[in-house]
Every structure is written in C-alpha cells, then in structure tokens.
Amino acid sequence: MLTKELARTGVLLPEIGLGTWDYHAGPDLLRKGFEAGAWFVDTAESYGTDHIVGEALRGLRDRVFVATKVSPHNFRAADFRKSVDGSLQRLGIETIDLLQLHQPNPEIPIEETMGAMASVIDAGKVRFAGVSNFSVAQLQQARKALGKHPVVSNQVRYNLIDRTIEKDLLPYCQAEGITVIAYSPLARYLHRVRDADPRGVLDAISRETGKTIAQILLNWCLCKEGVVVIPKGNSEEHVLDMCGASDWRLSAEHLALLDTKVHYRRRRRVDALARRWLRGPLATMARETIRRLPPSLRRRLT
Ligand SMILES: NC(=O)c1ccc[n+]([C@@H]2O[C@H](COP(=O)([O-])OP(=O)(O)OC[C@H]3O[C@@H](n4cnc5c(N)ncnc54)[C@H](OP(=O)(O)O)[C@@H]3O)[C@@H](O)[C@H]2O)c1
C-alpha cells in the first residue's frame, strides 16, 4: 500500500483508509483491511460503529491511524470535550489520531469550537485537527480560529462523477498542503458511475489494465496530489478489492479518457440546501423514484 504524507506533519498515511458509515460486517473484516495495508480507519460519533472499530483495534492500536468526528450539535466547548471523552471511551484508546469537525455549524462560533479542539490537543487526547464538508472560506476561518495548531485535513465528497471540489477547494488544499480525505470515492453506488459512462470507458480501461471498476475509481482519486480515499466495504471481496487500488497508477491516457468521457457534476449551493432539507422518508422516496428513471434522465438528477 502506498502512503501519502498527512499535510506537512511528517506522518505517513496509507492512501486507502477504511470508511465505517453503514458498516456492519464486524471487527474481523476491518482487521483484514488493516492486514491488507489499509491501516487507517475513519469513524464518527454519529455512525454508531465505534464499538466495532474499538474491537478491531485491540492489540493493534499502535499500528493503525484512527480518525473520528465530532457532530455539529457538540460544537459548544463543554459538549465538545465530553464528546471527545465519549469517543475515546467507546473506541477504547487514549489518543485520537485525527479529530474532525463533521460539518460546519453556523450556529456556534468557530472560535469556541476550535478553542476546545486546541484544549484536547494540548491535553494529549488528540494528535491532529481536521474538518469535514468545509468550504474554502470555512476552512480559512477554522485555520485562523485554531491558531497555533494546523488544520491538517478536510474530508469531503470526491469521486469521478462528483468533482465539485475541483473548482476551488482541491486547488486551495493542494496549495496549502492540507490533505483531502475523499469520502464516497466509489460514488456510493457503482450503477451511478455506469449511468455516467455511456461510452463504456471504465469497462474498456478495466479490460486493458486488469483492474476492477472500483479499483479504477479509487485510483483516479489517488492520482490527485494530496488526496487519500476512505471507501467502505461490508464484504471481504469488496475490502480486498479496494485495497488493490493502491501500488499502481492509471496512465496519463487513461486519466485523460476518464476526465473527458465520463459525465460528472459540480454541485452548487442550491444542491447542498436541497440535501439538507430533503431528509428521512422523503429522501428515500426521492432516491427510489430517481432509481427507476432511464439512465440519461437519472444522470441529470444524481
Ligand atoms: N464526512 C462525511 O460527511 C461523510 C459522508 C459520507 C461518507 N463518509 C465516510 O466515507 C466512507 C465511504 O463513503 P460511502 O460509504 O458513502 O461510499 P463509497 O465508499 O463510495 O461506497 C460504498 C458502497 O460501495 C460498495 N463497494 C465497496 N467496495 C466495492 C467494490 N470493490 N466493488 C463494488 N462495490 C463496492 C459498498 O458495498 P458493501 O457495503 O455491500 O460492501 C457500498 O455499497 C463512509 O463509510 C464514511 O466513513 C463521510
């Protein structure tokens, strides 16, 4: 497994980590992922998977890089510190390697939250501070608010068919040496990627390289400077396949084909607002309806 430096910290991260949102396969599979080189795991207090991650870490703590997230409703200083203690306890560890703010919370001043972040770093409970779903402007504010400690990463959605961050966030992070942790790097559902690939470019590259579609998708992200990925797999087949996306690189010709022939979108602010308001059963209904549409229409909406 190839590694990338976490920001400018000197710490090397495997370029593929194990996501755990909606993960239900138990600790053994995570351990298989660690053994396959993905000794980097991403969780969050809201995922409900800390106990599984904690079990997987038993006896291996020193070898695995552990990232977790504080939920936005815990961004007040006292709640933040309690949340960190809760995560440490559930994970059964003494230090969190990377603590991320799960998403911005405009209701609570970032100075208060980052003050609490600094205090948990100073107390030795957290090694590095990161954020998630932050825009450039929000990232700049977070960096300023954290002051003496760096913000080392921003965890954001990035995949072949959602290239929103390429507009300004990715170039900003690359210029500032901030690691981008790409979530949903498989676009969550491979059928979405197929819908966006009417010319069958992925299948053609898969035939030429002998790599699977999932490996090509992950490797496309990994070809970008400063980007690591955290796909999630619930089966041994998926996890081992994911881990096989490292140790090689797509050729310039293949990258050019993927960049120009596969349809992709860049979300706008209105998309984020719609997502925020469309939750629960309404969101499930909308997803089901969209799934039944013909691919050409579906592509425009997802
Ligand atoms: N910070 C945030 O706001 C945020 C938001 C979303 C996600 N995340 C993080 O990012 C992680 C990954 O994102 P994600 O779960 O949204 O989506 P993803 O990793 O893009 O896709 C996961 C889906 O891909 C399937 N899959 C995995 N390996 C595969 C393979 N080799 N071939 C075919 N299909 C494969 C999985 O199936 P099975 O499950 O059946 O194996 C699952 O349905 C999450 O687990 C979480 O840690 C963070």
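Above this text sits the structure in question.
Remember, predicted model here, so these are calculated numbers, not experimental data.

K.L.:
Tell me about the nonpolar core, and please be specific about residues and values.
P.N.:
Core analysis: the largest hydrophobic core is formed by 81 residues, its most contacted members being Met-117 and Leu-258. Examining the composition of this core, we find that 8 residues originate from one element, helix H9 (residues 213-222), more than from any other. With near-sequence residues (within four places) excluded, Met-117 lies in contact with Phe-80, Leu-99, Leu-101, Ala-129, Gly-130 and Leu-146. Formed by 14 residues, the second largest nonpolar core is a distinct cluster that contains Ala-7, Leu-13, Phe-128 and Val-228.

K.L.:
Help me get a handle on the environment of Tyr-23, residues and values and all.
P.N.:
Assignment of secondary structure puts Tyr-23 in the loop between strand S3 (18-19) and helix H1 (27-35). Note: C-alpha distance between Tyr-23 and Gln-174 (151 residues apart in sequence) is 30 Å. Setting aside its immediate chain neighbours within four residues, Tyr-23 contacts Leu-29, Leu-30, Thr-49, Ile-52, Lys-232, Gly-233 and Asn-234. For Tyr-23, the side chain forms a polar contact with the main-chain oxygen of Gly-26, separated by 2.5 Å. In this structure the side chain of Tyr-23 is engaged in a polar contact, spanning 3.4 Å, whose partner is the backbone nitrogen of Leu-30.

K.L.:
I'd like a description of empty space enclosed by the protein, backed by residues and values.
P.N.:
A probe matching the size of a water molecule, rolled over the atoms, marks out where space remains unfilled. Taken as a whole and assessed by the stated rule, the structure comprises 1 cavity of 30 Å³ or more. Volume-wise, the largest cavity comes out at about 40 Å³. Where the lining of the largest cavity is concerned, the elements lending two or more residues are S3, H1 and helix H10 (236-243). Taken together, the residues that form the lining of the largest cavity break down as 7 nonpolar, 2 polar and 1 charged.

Scoring rules and cut-offs
Here, residues in each chain are numbered from 1, in the same order as that chain's written sequence. Totals for whole chains, interfaces and linings use all residues, but because this is a predicted model, local features are given only for residues with pLDDT of at least 70 and pairs of side-chain atoms are given and counted only at 80 or more. Computation of side-chain values covers all heavy atoms of the structure but excludes hydrogens and water. Residues grouped as a nonpolar core are buried Ala, Val, Leu, Ile, Met, Phe, Trp, Tyr and Cys residues, joined through side-chain atoms within 4.5 Å. Between buried and exposed lies partly exposed: a residue is buried under 20% and exposed over 50% of the maximum accessible area for its type, with that area taken using a 1.4 Å probe on protein chains only. To qualify as a helix, a DSSP run of H or I must reach at least 4 residues; to qualify as a strand, a run of E must reach at least 2; elements of each kind are numbered from the N terminus. Here, residues are in contact when the closest pair of their heavy atoms is within 4.5 Å. Pairs of N or O atoms within 3.5 Å make up the polar contacts considered here, provided that, within protein, one atom can donate a hydrogen while the other can accept it, and that residues adjacent in sequence are counted only when both atoms are side-chain atoms. Using only the protein atoms, space was sampled on a 1 Å grid; points where a 1.4 Å probe fits but cannot get out form cavities, open sets with protein on both sides within 12 Å along at least five of seven lines form pockets, and lining residues are those with an atom within 4 Å of a point. Grid points are joined across faces, edges and corners, and a volume is the space filled by probe spheres set on the points. Asp, Glu, Lys and Arg are counted as charged, while Ala, Val, Leu, Ile, Met, Phe, Trp, Tyr, Cys and Pro are counted as nonpolar; the rest, among them Gly, fall into the polar class.

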